[in-house]
Amino acid sequence: MVRRHLLHFARTTLLCLVLLTAPCPSADAAEDKTAEAQSVTGAKEFLGAKKYFKALKLLDTAIDKSPLSAPLHLWRGNAYWAVCDYRRAIKDFDTAIAQNSECADGYAHKAVCLARLGLYDEAVAEFRQAAKRTTGDNTVILLVARSLFENKEYKAAIDYLDHIRSSEAGAGTAGSGGYVKGSGEIAAGICLTAAQARAATGDLESAIEDCNRAISCSPNHYLAYVARARIYQKQGQFERAIADARKAQEINKSKFPLAHLIIGESMLARDKIGEAELEISLALQEGGNTPSGEAQHYRALIIERKGNILGGLQNRAAALQLGYVDPPPLTVVGREVLSPDKIAAAFASIVVSERFICYSDLDRQKVERYSRLAEGFATYTENNLCPLQGEYPAFLFILHDKAAEQHFLKDRMDFTMHVHGVFLTAKNSVVTYDGAGVGTFLHEIMHKFLYNLKAHDFWADEGIPSFFEKSYGYLYQANNQTNSQDGQQNMWLVTGFAESSSTLWSWLTHKTLKLSQIVTSAKYADPSNEDAQRLVALFINKHGKLKQFLDTSFSGARGKYKYFIEATFDKTLAELDPMFDEYLSQLQKNHSDISKLPAAAIFDSESDWKNFLNSHPAISRLNDAATGAAGKH
């Protein structure tokens, strides 16, 4: 079966496997094949390691030297495809095709990108072009065959695969039934596609043979067992259908309503009403928010068999409302290869950097600056605070305004809270909007940098990220020894500034805020007390222990203490309370300067930063009283 895209939130199919395919040969025999091959090999290694920025940089350099190389353009197209930059990928695939019109890979890969952009008819047309050309690449064979199948061109899919089987390029092993070379999941996917297409045309015996080939290629390919179970069910071989459905359940090891449905229908056909009722109920239960019309239909049959004719009619009506057709088609066609990307395809500006992929509906220049901000802050964090946590590259979504951000979060990310920005852990994504402010941007990215599954102080979940909401500095590139233009993006940053809020001054005036209470009452990922938790981070920073606190938290070394802040200071909360009181008293003394602080700002040059600093002397005065770390040149 076809794999989904590496970006868990984008349905880009077969990416991992595509990255291992061989490019089309270049039409220009005079090109430097050695350098070209080295560049392609290097790009494949980078892509396999998810180092997309390095892959693109390598391919850009190689294409500058060999602008007409079809393999280089094909692989740069694959790199853009890998990061869901479908528009740029299509341009490179077009160039590869222009240089080698027999390049089936170029047509197939371009077609997937067109499908991701929602250009269904154009994608099908390109897949048909790929089907006319010979390829020995299993992934391309699967993409083409699957696209024809998903477009319900069943005979065309069968003819294509039969042609592949008879051609020298596609001559395969006995295990794969001659469709493809070798075995494994891709080979199994090709055989399964053949089985499903033959089943749709009524050739059930040949379909079973292709299911057997799929299982031979990949014994744990559970969808092949499901397909074969459906065919056995159609043939009246219910024991075999039940056995295959149970085997699919065993392999899949997760909720699988279709398997329960097949077992339930087969049990009903054998007059095992109780067992059938249980399985159909499980199918409906596991279907959750996407109930099956077929399951409703068979529930109706069971209810009628038990003598409740009215209840059966109600369930039959529900089945019809869900689109049930009697008898149901043997092959259900779902779109994977031809499916649109409902997340990344909406963004025309995509910028890839070392640690982030930025998606936006802003102009590219603005997005590039957000990318530099994120990279500079990452370098600052690594140099001054802690190693970055989690998987990279991470994803940044920058919408043009708050309304667009809210719409995107709700409709595309299943997140309904109204926020200026958010880090979505499960999607490895930061979402915000242009105008939310650099403080919000740094706050949400710091959530990504600090995400910690180990035991930790809950106040720090929001306290540390919100610490950076009042930050000032500038971006610069750390010089590379060989080329100053290749230096790493860095950030000079001064931090440790309190917010001039009415809440803060109320706390300071009435002396009601205690560090021990903030720390002990904090809950996991709870932003409701963020203002107070931020003060704890400012307090730690004031004593020059922010890095030490993070080191202690990530190492888990809290010793005899219950909280990591206690271990950092080697003092109990009761001993820290007076120190915190003293810090709050200092804030009260600096009330005038704190009230004059501007919003967070990061500039593109040191000179702009110095001009800003001269305009806001309160920053320098307060910074003299703060021990916060600043990025080092």
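The shown structure was predicted, so the numbers you read here are calculated from the model rather than taken from an experiment. (Residues numbered from 1 in each chain as written. Predicted model: local features only at pLDDT ≥ 70, side-chain atom pairs only at ≥ 80, totals over all residues. Heavy atoms only, no water.)

## Let's talk about the sheet that holds strand S3 (residues 394-399)
For step 1, the next point in the chain: The five strands lie next to each other as S1-S2-S3-S5-S4, forming an open sheet whose pairing is mixed. Only two strands of the sheet have a single neighbouring strand rather than two, namely strand S1 (349-352) and strand S4 (421-424). Strand-to-strand twist of the sheet, defined as the mean angle between neighbouring strand axes without regard to direction, takes the value 15°.
For step 2, the next point in the chain: In this sheet, S3 lies alongside strand S2 (residues 356-360) in parallel orientation, the contact comprising five bridges. The residue of S3 that forms the bridge with Ile-357 is Phe-395. (Pairing = 2+ DSSP bridges. Helix = DSSP H or I, 4+ residues; strand = E, 2+ residues; numbered from the N terminus. Axes fitted to C-alpha atoms, helices over the stretch in contact; angles between N-to-C directions.)

## Some words on a nonpolar patch on the surface
For step 1, the next point in the chain: Judged by side-chain polarity, Ile-309, Leu-310 and Leu-313 come together as a nonpolar surface patch covering roughly 320 Å² of accessible area.
For step 2, the next point in the chain: Within the secondary structure, Ile-309 is located in helix H17 (residues 309-321). (Patch = residues over 30% accessible without salt bridge, like charges linked within 9 Å, V, L, I, M, F, W, Y side chains within 5 Å. Areas by Shrake-Rupley, 256 points an atom, 1.4 Å probe, with all protein chains shown as cover. Salt bridge = Lys/Arg side-chain N within 4 Å of Asp/Glu carboxyl O.)

## Focus on the packing of helix H15 (residues 273-287) against helix H16 (residues 293-305)
For step 1, the next point in the chain: It is at 10 Å that the axes of H15 and H16 come closest, and there the two elements cross at 150°. The orientation of H15 relative to H16 falls into the category roughly antiparallel. Seen along the crossing, H15 lies across H16 with a hand that is left-handed. Mapping the contact onto sequence places Ile-273, Ala-276, Glu-277, Ile-280, Ser-281 and Leu-284 in H15 and Ala-295, Gln-296, Tyr-298, Arg-299, Ile-302 and Arg-305 in H16.
For step 2, the next point in the chain: When its residues are assigned to classes, the contact of H15 with H16 shows seven nonpolar, two polar and three charged. (Parallel < 35°, antiparallel > 145°, perpendicular 65-115°, else oblique. Left-handed = near helix turned anticlockwise from the far one by under 90°. Contact = heavy atoms within 4.5 Å. Nonpolar A, V, L, I, M, F, W, Y, C, P; charged D, E, K, R; others polar.)

## Describing the packing of aromatic side chains
For step 1, the next point in the chain: Applying the stated criterion across every chain, the model contains 27 aromatic pairs.
For step 2, the next point in the chain: Residues Tyr-472 and Phe-497 carry aromatic rings whose centres are separated by 5.3 Å and whose planes lie at 70° to one another, so their mutual orientation is edge-to-face. You can see Tyr-472 sitting in strand S6 (residues 472-478) and its partner Phe-497 sitting in the loop between strand S7 (488-494) and helix H22 (502-510), a full 25 residues away along the chain. Like Phe-497, Tyr-472 is buried.
For step 3, the next point in the chain: An aromatic cluster of at least three residues, connected via ring pairs, comprises Tyr-472, Tyr-474, Tyr-476, Trp-492, Phe-497, Phe-603, Trp-609 and Phe-612.
For step 4, the next point in the chain: The ring of Tyr-392 carries the charged tip of Lys-448 above its face, separated from the ring centre by 4.5 Å.
For step 5, the next point in the chain: The ring of Phe-569 has Lys-545 lying over it, and the distance from NZ or CZ to the ring centre is 5.6 Å. (Phe/Tyr/Trp six-rings, centres within 6.5 Å; stacked < 30°, edge-to-face > 60°. Buried < 20%, exposed > 50% of the residue type's maximum accessible area, 1.4 Å probe, protein only. Lys NZ or Arg CZ within 6 Å of the ring centre and 35° of its normal.)

## Looking at the side chain of Thr-568
For step 1, the next point in the chain: Along the chain, Thr-568 turns up in helix H26 (residues 564-569).
For step 2, the next point in the chain: The class of Thr-568 is buried, set by a relative accessible area of 3%.
For step 3, the next point in the chain: A polar contact of 2.8 Å, which involves the side chain of Thr-568, links it to the backbone oxygen of Phe-564.
For step 4, the next point in the chain: Contact partners of Thr-568, with chain neighbours within four places excluded, come to Lys-545, Gln-548, Phe-549 and Thr-552. (Polar contact = N/O pair within 3.5 Å; in protein donor to acceptor, adjacent residues only side chain to side chain.)

## Some details on unusual backbone geometry
For step 1, the next point in the chain: For the peptide bond that leads from Tyr-392 to Pro-393, omega is 5°, which places it in the cis range.
For step 2, the next point in the chain: Assignment of secondary structure puts Pro-393 in the loop between helix H18 (364-384) and S3.
For step 3, the next point in the chain: Even without glycine at this site, Lys-50 takes up a positive phi of about 65°.
For step 4, the next point in the chain: Secondary-structure assignment places Lys-50 in the loop between helix H2 (33-48) and helix H3 (52-65).
For step 5, the next point in the chain: The backbone phi angle of Lys-152 is positive, close to 60°, even though this residue is not glycine.
For step 6, the next point in the chain: Relative to the assigned elements, Lys-152 resides in the loop between helix H8 (138-150) and helix H9 (154-166).

## With respect to the packing of H8 against H9
For step 1, the next point in the chain: Running from N to C, H8 and H9 point in directions that differ by 160°, and their axes come no closer than 7 Å. Relative to H9, H8 is oriented roughly antiparallel. Two secondary-structure elements touch here, H8 through Val-140, Ile-141, Val-144, Ala-145, Leu-148 and Phe-149 and H9 through Tyr-154, Ala-156, Ala-157, Tyr-160, Leu-161 and Ile-164.
For step 2, the next point in the chain: Looking at the contact of H8 with H9 residue by residue, the class counts come to twelve nonpolar, no polar and no charged.

## Some thoughts on the confidence of the model for the protein chain
Low pLDDT means the predicted coordinates in that region are not meant to be read closely.
For step 1, the next point in the chain: Here the protein chain averages 89 in pLDDT, and 90% of its residues register 70 or above.
For step 2, the next point in the chain: The low-confidence segment residues 1-23 (pLDDT under 50) makes 93 contacts with residues lying over four places distant or belonging to another chain. (pLDDT = per-residue confidence, 0-100.)

## Observations regarding the environment of Glu-368
For step 1, the next point in the chain: Along the chain, the position of Glu-368 falls in helix H18.
For step 2, the next point in the chain: Judged by its relative accessible area of 32%, Glu-368 falls in the partly exposed class.

## Digging into the pairing of S6
For step 1, the next point in the chain: Among the seven residues of S6, five are classified as buried, and the element is accordingly described as predominantly covered.
For step 2, the next point in the chain: In terms of strand pairing, S6 meets S7 through seven bridges, oriented antiparallel. In the sheet register, Tyr-476 faces S7, and the bridge partner there is Asn-490.

## Re the environment of Leu-74
For step 1, the next point in the chain: Position of Leu-74 among the secondary structure elements: in helix H4 (residues 70-82).
For step 2, the next point in the chain: Assessed through its relative accessible area of 1%, Leu-74 is described here as buried.
For step 3, the next point in the chain: Each C-alpha atom of the pair Leu-74 and Cys-103 lies 9.5 Å from the other, and the pair is 29 residues apart in sequence.

## Points about the pairing of strand S5 (residues 429-433)
For step 1, the next point in the chain: Counting buried residues along S5, five of its five residues qualify, which places the element largely inside the surrounding structure.
For step 2, the next point in the chain: Side chains Ser-429, Val-431 and Tyr-433 project from S5 onto one buried face, and the interleaved Val-430 and Thr-432 project onto a second face that is buried too.
For step 3, the next point in the chain: Summarising the sheet, S3 and S5 pair through five bridges and their orientation is parallel. Opposite Leu-399, over in S5, you have Tyr-433 as the bridge partner.
For step 4, the next point in the chain: Pairing geometry for S4 and S5, over four bridges, is antiparallel. In the sheet register, Gly-421 faces S5, and the bridge partner there is Thr-432.
For step 5, the next point in the chain: Connecting the antiparallel pair S4 and S5 is a turn made up of four residues, with Asn-428 showing a positive phi of about 55°.

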